[in-house]
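Examining the three-dimensional arrangement
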Amino acid sequence: MRGVALACMLLVALTGAVRAVQARSCVLEVLYSEELPIGPLFYHTVRADLLVIPPKGQPFETTVWKVIPWQVPPPRRGQRVRRPCGSVASELSSIF
């Protein structure tokens, strides 16, 4: 019985922690992306226009250039990723 109560308390605590992280996270949405044949052998350069939506504040657009291996799928229009807002500036280039 104690194990069940402990598991329920742990589940409630984890659910609250996940919701708190989601409340402070920004949404990055791909508006447009293109794969360019520029880059090292077996790599592609991807240019993506992103819409960054912070939980409080105005959304803004930015453009990211990233060199990715040819095996990695490029970002697709409408794809959304949730990242912590404090590190969005440093993670803009690592969403792929």
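Up top is the structure.
As the structure is a computational prediction, the values presented were derived from the model and not from experiment. (Residues numbered from 1 in each chain as written. Predicted model: local features only at pLDDT ≥ 70, side-chain atom pairs only at ≥ 80, totals over all residues. Heavy atoms only, no water.)

A word on the pairing of strand E3 (residues 60–69)
Direction of pairing for strand E2 (residues 43–53) relative to E3: antiparallel, over a ladder of 10 bridges. Each residue of the ladder has a partner; that of His44, found in E3, is Ile68. (Pairing = 2+ DSSP bridges. Helix = DSSP H or I, 4+ residues; strand = E, 2+ residues; numbered from the N terminus.)

Things to note about unusual backbone geometry
Unlike most non-glycine residues, Phe42 shows phi in positive territory, near 65°. The residue Phe42 is located in the loop between strand E1 (25–36) and E2 in this model. On the basis of relative accessible area, Phe42 is assigned to the exposed category, the value being 55%. (Buried < 20%, exposed > 50% of the residue type's maximum accessible area, 1.4 Å probe, protein only.)

What to know about the environment of Thr62
Note that Thr62 resides in strand E3. Relative accessible area serves as the criterion here: at 21%, Thr62 is assigned to the partly exposed category. For Thr62 and Leu28, which are 34 residues apart along the polypeptide, the C-alpha to C-alpha distance reads 10.0 Å.

Quick notes on the sheet that holds E2
Strands sit in the order E3-E2-E1-E4 across an open sheet of 4 strands; the sheet is antiparallel. Of all the strands in the sheet, just E3 and strand E4 (80–84) have a single pairing partner and so form its edges. Across this sheet, the average inter-strand angle for adjacent strands is 35°, counted without regard to direction. Pairing between E1 and E2: 9 bridges, direction antiparallel. By the bridge assignment for E2, Leu28 is matched with Val52. (Axes fitted to C-alpha atoms, helices over the stretch in contact; angles between N-to-C directions.)

Looking at the state of the cysteines
For the structure on display, the rule yields 1 disulfide. Residue Cys26 pairs covalently with Cys85 via a disulfide, S to S 1.9 Å. Between Cys26 and Cys85, the disulfide has an S-S torsion of 115° and is therefore right-handed. Of this pair, Cys26 sits in strand E1 while Cys85 sits in the loop between E4 and helix H2 (88–91), and the two are 59 residues apart along the sequence. Assessed through its relative accessible area of 26%, Cys85 is described here as partly exposed. (Disulfide = S-S within 2.5 Å.)

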